[in-house]
Amino acid sequence: MRCNTPVIASDIPVHREVYGENAIYFNPYAVNELATAIESLAAISAEKKSKITDAARIFSMRYAEESIRKEW
């Protein structure tokens, strides 16, 4: 996310917690779901991909060092 790259992640609770609505999820026990996720990402327009990555990058700032330094 921080590198302006769409995220495809296995659908496990920790990934849902970390990525929220900003990732494409697949069942880690179903290879066909991963293939479908990759295909769906490859098929979207550059404009839509840009919107997805921009939103994800903004969301990921909650994990930036500046944001969490006080908690550590």
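Everything that follows concerns the structure shown earlier in this document.
Scope of this entry: the structure provided in the associated data block. Note that the structure is predicted; figures quoted are calculated from it, not measured. (Residues numbered from 1 in each chain as written. Predicted model: local features only at pLDDT ≥ 70, side-chain atom pairs only at ≥ 80, totals over all residues. Heavy atoms only, no water.)

Overview of the overall build of the chain
Move 1: When its secondary structure is counted, the chain shows four helices and two strands.
Move 2: When the helices and strands of the chain are read in sequence order from the N terminus, they spell out β-α-β-α-α-α.
Move 3: For the C-alpha atoms alone, the extent of the chain along its principal axes is close to 40 × 30 × 15 Å.
Move 4: When contacts within the chain are restricted to residue pairs at least 6 apart in sequence, those whose partners lie at least 24 apart make up 45%.
Move 5: Averaging the locations of the 9 positively and 10 negatively charged side chains of the chain gives two centres separated by 6 Å. (Helix = DSSP H or I, 4+ residues; strand = E, 2+ residues; numbered from the N terminus. Contact = heavy atoms within 4.5 Å. Lys, Arg positive; Asp, Glu negative; His and termini not counted. Charge placed at Lys NZ, Arg CZ, Asp CG, Glu CD.)

Points about helix H3 (residues 46-60)
Residues three or four positions apart in an α-helix share a direction because the helix packs 3.6 residues into each turn.
Move 1: Taking 1.5 Å of rise per residue, 15 residues should cover 21 Å, and H3 covers 21 Å from first to last C-alpha, within 8% of that figure.
Move 2: Along H3, the residues classified as buried are Thr53, Ala56, Phe59 and Ser60. On an axial view of H3, the arc spanned by its buried residues comes to 120 degrees, and they lie on one face. Residues Glu47, Lys51 and Ile58 are exposed on H3 and point more than 90 degrees away from its buried face. (Expected span 1.5 Å × (residues − 1). Buried < 20%, exposed > 50% of the residue type's maximum accessible area, 1.4 Å probe, protein only. Arc of directions from axis to C-beta.)

Here's the deal with the environment of Phe59
Move 1: Inspection of the secondary structure puts Phe59 in helix H3.
Move 2: Residue Phe59 is classed as buried on the basis of its relative accessible area of 19%.
Move 3: With 12 residues separating them along the chain, Phe59 and Glu47 place their C-alpha atoms 19 Å apart.
Move 4: Phe59 has contacts with Met1, Val18, Tyr19, Gly20 and Asn22, leaving out every residue within four places of it along the chain.

Some words on the packing of aromatic side chains
Move 1: Summed over the entire model, instances satisfying the criterion amount to zero aromatic pairs.
Move 2: For Arg16, the ring lying beneath its charged end belongs to Tyr25, and the centroid distance is 3.8 Å. (Phe/Tyr/Trp six-rings, centres within 6.5 Å; stacked < 30°, edge-to-face > 60°. Lys NZ or Arg CZ within 6 Å of the ring centre and 35° of its normal.)

Side note on the pattern of salt bridges
Move 1: Within this structure, the stated rule accounts for four salt bridges.
Move 2: Residue Glu47 pairs with Lys51 through a salt bridge whose shortest N-O separation is 3.7 Å. A residue pair is termed a helical-turn pair when its members lie 3 or 4 positions apart in one helix, as Glu47 and Lys51 do in helix H3 at four residues. Of the two residues, Glu47 and Lys51, neither departs from the other in class, the shared state being exposed. (Salt bridge = Lys/Arg side-chain N within 4 Å of Asp/Glu carboxyl O.)

Structural notes on unusual backbone geometry
Move 1: Despite not being glycine, Asn4 has its phi angle at roughly 60 degrees, a positive value.
Move 2: Note that Asn4 resides in the segment before strand E1 (8-10).
Move 3: In this structure Asn4 comes out as partly exposed when scored by relative accessible area, which is 38%.

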